[in-house]
Amino acid sequence: MKDINAAFQWKCQPKAEALICEILDKSISENESIATLAHDLQKLTSTRLFDWLDHVIVGFSETLETRIDEYGFIVMSTTPTYRVYQHPGAQLPRIVVYDHDPQILGVGVNVESIADFLMVRGLSREIEGSPFSSYRRCCISMDNDVSLWVVERRGAPGMEPIYHDENYLEKYVTSQEKWKTRSRDSLDEDEAFDQSLQLAQEMVEDIGEELAAWIILSCEREYWQARNLAGQVQKNRQDRLGMGWANHDHHTFRSSRRHFTKLVRLFEILGFHCRERFYAGKEAGWGAQVMENPKCHLVLFLDVDLAPHEVEIDFSHHPFSDRPELGTIGLWCALHGDSILKSGMHHLEAQFLFEELTKDLANHGVAMMDPFSAFPYLKQAFTHGEIWKVDPRRVEAIAKAKKITREQADKFISHGAVGSHLENLQRREGYKGFNQKNVSFIIEKTDPRKQ
């Protein structure tokens, strides 16, 4: 059988990461504001500054140029004064090289809201770019000719502030409100899915793919957080520094077999393409499609019940037939609704200092499950899932179809079923992939029948 993931065999890129670290470390040593931010992020949010970087800024030198080329970075864009490099095989910040200023140095840090970042510090600075535009920036400090910038991105890959006409803000807010107020809690999920697909298409036509993708994923994070205590605790810690969820790594949606191809289609409308597929083996009973929108730096993990023979087909575009049994993913969706509808995301993954977050969240009453990845380059663990109440109508429907026992149905109705999680994730050496081998262990642990 052809290896469907042959083009996505991600490797560690330690030299590329080391180059970014050198630039960051020098910036920290020369600019007190950057050093303070790095310290506060670690102490108050259990994160490292590296994982919030949008880009680093350096001046041209032949030695640097040679290293950039040797380590796998490629030119993403050019202007008369600078070039922007990215690494297609790694999850690393961009490098902005100024051709005519060899002394220039600095960092650009991602935040969800520059105004929030300034507010919590009592700072007043000029913000370049229209409110809620696709790219905004603000220079926080310039010490020893080393700059600290904070940036907002909403789907734009460029490096220059974007200014819009007076109609932009109304379009932005209207699109956001339409997505937030669409039908989620409907027993007619076919109709709700069709409405969501139509709305996504309308948003793309009105405001463009990238901005529509950014708004929709932002809304989905808000909906997930409203139903997840661990997310609320950690978001509050990050908001104390005005950072928001700009350290998100990927978003995980669970889907019923019936609606999986529609879920993939929805994100294709928003400019995502299919990356590697997951199939964890015959005993696992599930698979996943990774999707990415590279312009937005957004990554998705879409989970679905999968039979052994179905890995050989393009299950992201080939409609599934019904099965007499429900696997872990299918049961979760049957009880709570598909992730893009009633239930919301199964989990949000953001980048943290793995051990520090485990300890610090425990001090806030949030416990972690056992890690399911413990490599030097990738560590992953879920918070313990909350128990959600379940609509008895959903339970009775799957009991009537004999997909759960009467005993299980009564338990779900009286005690509820496990809901969503926050994922503690730590990457090193620019590793862009996921754990293909051990992830089934944790998926099984999230089966509502196991609780």
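Residues numbered from 1 in each chain as written. Predicted model: local features only at pLDDT ≥ 70, side-chain atom pairs only at ≥ 80, totals over all residues. Heavy atoms only, no water.

**Focus: the overall build of the chain**
A tally of regular secondary structure across the chain gives 15 helices and 17 strands. A compact globule built from 451 residues would reach a C-alpha radius of gyration of about 22 Å, and the chain, at 22 Å, matches this within 12%. Projecting the C-alpha coordinates of the chain onto the three principal axes gives extents of approximately 70 × 50 × 45 Å. The proportion of buried residues among the 451 residues of the chain is 57%. (Helix = DSSP H or I, 4+ residues; strand = E, 2+ residues; numbered from the N terminus. Rg over C-alpha atoms; globule rule 2.2 N^0.38 Å. Buried < 20%, exposed > 50% of the residue type's maximum accessible area, 1.4 Å probe, protein only.)

**Concerning helix α4 (residues 114–121)**
Listed in full, the buried residues belonging to α4 are I114, F117 and L118. Viewed end-on, α4 has its buried residues packed into an arc of 95 degrees, placing them on one side of the element. Among the structural elements, α2 (32–45), β6 (135–143) and β7 (146–153) are those in contact with the buried residues of α4. (Arc of directions from axis to C-beta. Contact = heavy atoms within 4.5 Å.)

**Re the pairing of strand β1 (residues 53–59)**
For β1, the tally of buried residues reaches seven of seven residues, placing the bulk of the element in the interior. Relative to strand β5 (residues 105–110), β1 runs antiparallel, the two sharing five bridges. Each residue of the ladder has a partner; that of V56, found in β5, is V107. Of the pairings in the sheet, the one linking β1 to strand β4 (residues 94–98) comprises five bridges and is parallel in character. What sits directly across from V56, in β4, is I95. (Pairing = 2+ DSSP bridges.)

**Topic: the sheet that holds strand β12 (residues 347–351)**
Pairing is mixed in the open sheet, where eight strands are placed in the order β9-β10-β11-β8-β12-β17-β14-β13. Strands at the two margins of the open sheet, each flanked by one partner only, are β9 (273–279) and β13 (373–374). In this sheet, strand β11 (residues 298–305) lies alongside strand β10 (residues 286–293) in antiparallel orientation, the contact comprising eight bridges. By the bridge assignment for β11, M291 is matched with L300. Along the sheet face, helix α12 (residues 354–362) touches β14 (378–382) and β17 (421–427) and points at about 150 degrees away from the line of β17. (Axes fitted to C-alpha atoms, helices over the stretch in contact; angles between N-to-C directions.)

**Some details on the sheet that holds β1**
Strand pairing in a sheet is mediated by backbone hydrogen bonds. Such pairs are either parallel or antiparallel. An order of β2-β3-β4-β1-β5-β7-β6 is seen for the seven strands of this open sheet, with the pairing classed as mixed. At either end of the open sheet lies a strand with only one pairing partner, and these are β2 (74–78) and β6. Direction aside, the axes of adjacent strands within the sheet are offset by 25 degrees on average. Sheet analysis places β5 next to β7, joined by six bridges and oriented parallel. Counted as the bridge partner of V109 is V150 from β7.

**Re the packing of helix α8 (residues 229–239) against α12**
Packing of α8 against α12 leaves a shortest axis separation of 11 Å and a crossing angle of 105 degrees. Taken together, the axes of α8 and α12 are roughly perpendicular relative to one another. The segment α8 lies against α12, with V233, Q234 and R237 engaging L357, D360 and L361. Tallied by class, the residues present in the contact of α8 with α12 amount to three nonpolar, one polar and two charged. (Parallel < 35°, antiparallel > 145°, perpendicular 65-115°, else oblique. Nonpolar A, V, L, I, M, F, W, Y, C, P; charged D, E, K, R; others polar.)

**With respect to the environment of G327**
Here G327 is to be found in the loop between β11 and α10 (328–336). Along the sequence, G327 and T66 sit 261 residues apart, while their C-alpha atoms lie 51 Å from each other. Apart from residues no more than four positions distant in its own chain, G327 is found in contact with D305, D447 and R449.

**What about the environment of F193?**
Along the chain, F193 falls in helix α6 (residues 189–207). Spatially, the C-alpha atom of F193 lies 9.0 Å from that of L266, the residues being 73 residues apart in sequence. In this structure F193 touches H259, K262, L263, D338, I340 and L341, once residues within four positions along its chain are discounted.

**Things to note about the pairing of β17**
Among the seven residues that make up β17, seven are buried, leaving the element largely enclosed by the rest of the structure. By the alternation rule, side chains of β17 split into H421, E423, L425 and R427 and L422, N424 and Q426, which are all buried. One ladder, built from five bridges, connects β12 with β17; its direction is parallel. By the bridge assignment for β17, H347 is matched with H421. Two strands pair when backbone bridges link them, and β14 and β17 are joined in this way by five bridges, in the antiparallel orientation. The residue bridging Q380 from the neighbouring strand is L425, located in β17.

**A look at the pattern of salt bridges**
On inspection of all chains with the given rule, the structure shows 35 salt bridges. Linking E160 and R137 is a salt bridge whose minimum nitrogen-to-oxygen distance equals 3.9 Å. Residue E160 is located in the loop between β7 and α5 (168–180), and its partner R137 is located in strand β6; the two are separated by 23 residues in the primary sequence. Residue R137 is classed as buried on the basis of its relative accessible area of 18%. (Salt bridge = Lys/Arg side-chain N within 4 Å of Asp/Glu carboxyl O.)

**A look at the nonpolar core**
Side chains of a nonpolar character, in soluble globular proteins, are inclined to be buried together. Within the largest apolar cluster, 54 residues are counted, with the highest numbers of intra-cluster contacts made by W179, F253, F267, L270, F272, L302 and I340. It is helix α7 (residues 209–226) that provides the largest number of residues to this core, a total of nine residues. Residues in contact with L270, not counting those within four places in the same chain, are A200, V204, E209, A212, A213, I216 and N293. With 39 residues, the next largest nonpolar core counts L37, I114, L118 and L241 among its residues. (Core = buried A, V, L, I, M, F, W, Y, C linked by side-chain atoms within 4.5 Å.)

**With respect to unusual backbone geometry**
Glycine aside, residues mostly have negative phi angles, and peptide bonds mostly take the trans form. Backbone geometry places D145, a non-glycine residue, at a positive phi of 65 degrees. Within the secondary structure, D145 is located in the loop between β6 and β7. Positive phi, close to 60 degrees, is recorded for E429, a residue that is not glycine. Summarising the element assignment, E429 is placed in the loop between β17 and α15 (439–445). Judged by relative accessible area, E429 falls into the partly exposed class, the value being 30%.

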